[in-house]
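Structural characterization, general
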Amino acid sequence: MYAVQHSDRPHGQRRISGTNDGSGCFKGEPVTTQPLPSAGLSAATERDIVPVDPQQLRRATLASSVGSALEYYDFYIYGLATALIFGPLFFSPLGPSGALIASFATYGVGFAARPFGGLIFGYIGDRFGRKQVLLLTIGLMGTASFCIGLLPTHAQAGMLGAVLLVVLRIIQGLGAGAEQAGATTLISEVAPRKRRGFFAALPFVGIQVGTLLGAGTFALMGLAHPEVLTGWLWRVPFLASIILIAIAIYIRLKLKETPVFQELEKHKSVTKNPVGVLWRSSKKNVLIGMGLRMGENGNSTIYSTLLVGFMAAKGGVFEGDKFIGPIGLLIAAGFSAIMVVAFGALSDRVGRVKVYRYGALFQLLFAFPAFYLISLGNVTLVWIVMSIGIALGVQSMLGPQCALLPELFGSTHRFTGVAMSREISAVFAGGIAPFVGGLLLAVTHQSWMVLAGYSLVLAGISFATTFFTPETVGRDLLLAEDA
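As recorded by an unreviewed UniProt entry, the chain carries the name MHS family MFS transporter and is attributed to Arthrobacter wenxiniae. The UniProt entry for the chain carries the following text under Subcellular location (unreviewed entry): "Cell membrane".

Have a look at this one:
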């Protein structure tokens, strides 16, 4: 049985004890205590919410990591296929530029579906448990990816293949809309409080593993003859996702529900309407979460998809060479696997907001020098810039974000809050970036300044948002109120 912690918390804040009237409002007496402890307090003054179950912590970390690996494996193989292959395969009648733009549009469709997936599965996660959602999302994402590998091309079935591609991309987006929200919520509610930033970042090593698998697969495929690649070999990465699906489902079936949700059920405090609670009480924190995500998610997409297409496109610095970009992503992912955890751990010591703010500032200042150096056409410089931009710029925001987003929201609507913050912002940051960027590049005849300006603006939004973000390190996740 899990024991509830008697921790310090702000005056008037309430734990989940008491009864829930179904609307998310709790009946019971508020508890008056001292202010929330800051980072760096001794173990005697900062005890865990519940005793940490080491086996559950290991399983939760592994389950979240494999899910993240599958999501980002899908993300990268689809993104790279969008930039390098899907245009001529599915949209050839539109011409080279039109096919590339149409291909990027299908990429954006998946992001447009993500908020709906976040809303649906966020509701399920707050209403019926975190574990259930993680099983559903992995099944949806994996099935859609596998089926993409079976699609007929335009040469085989006309526009039918393109239509089915869009449908499967929507299904993929629905599943992805709650996968990362589920991973961050699950691990944050299981991890020890003083090291929550470190443990919450560990599943995101799976992102880098997925990147390594996706980018590495495409880099190896570059050794094949172009006719073999566009004939059948492009299908292999999508069909191979079935392996990750099987592993993820097996691990997730062995998971227990998080201690926080168990306490909600124990005290009959599970809200029947988490979306309503979120709408009434958490609009500000959802907006904060969205603003924080713009620089991280947007720049991740710019480097991983838009930049790859820019370099290989007609008139690009490496015109016709489709595999310099994937190799750069492969190198960057190796460094990022270390840096995302390092920045997460750093946020445990100095605070989430401080790490996030300086990470966004770095990405902002790095934008113009980075893309100018890429425009010089030196392969080594390109790989160095991609590694710095992704491993330092993006991960310095993603590392603290892993724990920060779950800590922003109260226990009764946390899953929904994290999902909405992540996925609404994903539409405006990552989803439309390839499409809008592709249009701007076409209009400006492939000017590198488009990418630099785009990167700077998105990082600037996150930098500004940090000044409105409450510090959440050490927060008690049993509290029903938002930070």
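Once the structure has been displayed, the description carries forward.
Here's the deal with the overall build of the chain
On a plain count of helices and strands, the chain comes out with 20 helices and 2 strands. Taking all 483 residues of the chain together, the buried fraction comes to 59%.

Comments concerning the side chain of Ser 425
Tracing the sequence through the fold places Ser 425 in helix α18 (residues 414-431). The contacts of Ser 425, once residues within four sequence positions are left out, are Met 290, Arg 293, Met 294, Met 420 and Gly 430.

Remarks on the pattern of salt bridges
A complete count under the given rule lists 10 salt bridges for this structure. Across the pair Arg 130 and Glu 189 runs a salt bridge, and its minimum N-O distance is 2.8 Å. Of the two residues, Arg 130 is situated in helix α4 (residues 130-148) and Glu 189 in helix α6 (residues 160-190); the sequence distance between them amounts to 59 residues. For Glu 189, a relative accessible area of 4% puts it in the buried group. Note that Arg 252 is salt-bridged to Glu 179, the shortest N-O span being 2.5 Å. One end of the pair, Arg 252, is in helix α11 (residues 241-253); the other, Glu 179, is in helix α6, with 73 residues separating them in the sequence. Judged by relative accessible area, Arg 252 falls into the buried class, the value being 0%.

Some words on the nonpolar core
Phe 86, Phe 90, Leu 307 and Phe 371 are the most contacted members of the largest nonpolar core, which has 90 residues in total. Counting residues per element, this core draws most heavily on helix α1 (residues 54-84), at 15 residues. Inspection of this core shows a minimum of three residues originating in each of domain 1 (52-270) and domain 2 (274-473). The next biggest cluster of nonpolar side chains, apart from the first, holds 21 residues, and it includes Phe 121, Ala 178, Ala 181 and Ile 288.

Examining the packing of helix α14 (residues 283-312) against helix α20 (residues 448-465)
The N-to-C vectors of α14 and α20 enclose an angle of 160 degrees; their axes lie 7 Å apart at closest approach. Classed by the angle they form, the pair α14 and α20 counts as roughly antiparallel. Considering the relative orientation of α14 and α20, their crossing is left-handed. Grouping the constituent residues of the contact of α14 with α20 by class yields 13 nonpolar, 7 polar and 2 charged.

Here we look at the packing of aromatic side chains
Scanning the model with the defined rule gives 12 aromatic pairs in all. Cluster of aromatic residues (ring-pair linked, three or more members): Tyr 78, Phe 86, Phe 90, Trp 234 and Phe 238. Here Arg 169 stacks its cationic end above the ring of Tyr 78, 4.2 Å away from the centre of that ring. Against the face of Phe 198 rests Arg 195, its NZ or CZ located 4.6 Å from the ring centre.

Points about α1
Helix length check: α1 (31 residues) gives 44 Å between terminal C-alpha atoms against 45 Å at 1.5 Å per residue, within 8%. Summarising burial for α1: 26 of the 31 residues are buried, a large majority.

Looking at the environment of Ile 324
Within the secondary structure layout, Ile 324 lies in helix α15 (residues 324-350). Relative accessible area serves as the criterion here: at 9%, Ile 324 is assigned to the buried category. Between the alpha carbons of Ile 324 and Trp 383 there is a distance of 8.3 Å; along the sequence they are 59 residues apart.

Comments concerning a nonpolar patch on the surface
Together, Phe 368, Met 449, Leu 456, Val 457 and Ile 461 make up a nonpolar patch on the protein surface, roughly 390 Å² of accessible area in all. In terms of residues, the nonpolar patch owes the most to one element, α20, which gives 4 residues. Position of Ile 461 among the secondary structure elements: in helix α20.

A closer look at the confidence of the model for the chain
Mean pLDDT over the chain works out to 81, with 87% of the residues at or above the 70 mark. Averaged pLDDT values for the elements of the chain fall to 40 in strand β2 (residues 26-27) and rise to 95 in helix α16 (residues 352-375). In this model residues 1-49 is a low-confidence stretch, pLDDT under 50, and it forms 124 contacts with partners more than four residues away in sequence or in other chains.

What to know about the environment of Arg 293
Among the structural elements, Arg 293 can be located in helix α14. Between the C-alpha atoms of Arg 293 and Ala 426, which are 133 residues apart in sequence, the distance is 7.5 Å. Sequence-distant contacts of Arg 293, that is, excluding residues within four places in its chain, are made with Gly 298, Tyr 356, Gln 401, Leu 405, Ser 421, Arg 422, Ser 425, Ala 426, Ala 429 and Ser 462. A distance of 2.8 Å separates a polar atom in the side chain of Arg 293 from a polar atom in the side chain of Glu 296.

A look at the packing of α1 against α6
Interaxial distance between α1 and α6 falls to 10 Å at its minimum, and their mutual angle equals 150 degrees. Between α1 and α6, the angle falls in the class roughly antiparallel. Between α1 and α6 the crossing geometry is left-handed. Counting all contacts with α1, which are made through Gln 56, Leu 57, Ala 60, Thr 61, Ser 64, Gly 67, Ser 68, Glu 71, Tyr 72, Asp 74 and Tyr 78, the residues of α6 involved are Leu 165, Arg 169, Gln 172, Ala 176, Glu 179, Gln 180, Ala 183, Leu 186, Ile 187 and Val 190.

Structural notes on helix α3 (residues 95-128)
For α3, which comprises 34 residues, the first-to-last C-alpha distance of 49 Å matches the rise-based estimate of 50 Å (1.5 Å per residue) to within 8%. Helix geometry: α3 is bent most strongly at Arg 114, by close to 25 degrees, with proline Pro 115 lying one to four residues after it. Directly after α3, the chain includes Gly 129, whose backbone phi takes a positive value near 125 degrees.

Re the side chain of Glu 407
Along the chain, the position of Glu 407 falls in helix α17 (residues 379-408). At 2.8 Å, the side chain of Glu 407 and the side chain of Arg 196 are in polar contact. Not counting residues within four places of it along the chain, the set of residues in contact with Glu 407 comprises Arg 196, Arg 352, Thr 472, Val 473, Gly 474, Arg 475, Leu 477 and Ala 483.

Rules and cut-offs
Residues numbered from 1 in each chain as written. Predicted model: local features only at pLDDT ≥ 70, side-chain atom pairs only at ≥ 80, totals over all residues. Heavy atoms only, no water. UniProt positions renumbered as here; feature names shortened; annotations may be inferred. Helix = DSSP H or I, 4+ residues; strand = E, 2+ residues; numbered from the N terminus. Buried < 20%, exposed > 50% of the residue type's maximum accessible area, 1.4 Å probe, protein only. Contact = heavy atoms within 4.5 Å. Salt bridge = Lys/Arg side-chain N within 4 Å of Asp/Glu carboxyl O. Core = buried A, V, L, I, M, F, W, Y, C linked by side-chain atoms within 4.5 Å. Domains from an automatic or database assignment. Axes fitted to C-alpha atoms, helices over the stretch in contact; angles between N-to-C directions. Parallel < 35°, antiparallel > 145°, perpendicular 65-115°, else oblique. Left-handed = near helix turned anticlockwise from the far one by under 90°. Nonpolar A, V, L, I, M, F, W, Y, C, P; charged D, E, K, R; others polar. Phe/Tyr/Trp six-rings, centres within 6.5 Å; stacked < 30°, edge-to-face > 60°. Lys NZ or Arg CZ within 6 Å of the ring centre and 35° of its normal. Expected span 1.5 Å × (residues − 1). Patch = residues over 30% accessible without salt bridge, like charges linked within 9 Å, V, L, I, M, F, W, Y side chains within 5 Å. Areas by Shrake-Rupley, 256 points an atom, 1.4 Å probe, with all protein chains shown as cover. pLDDT = per-residue confidence, 0-100. Polar contact = N/O pair within 3.5 Å; in protein donor to acceptor, adjacent residues only side chain to side chain. Bend = angle between axes of the 7 residues up to and from the residue.

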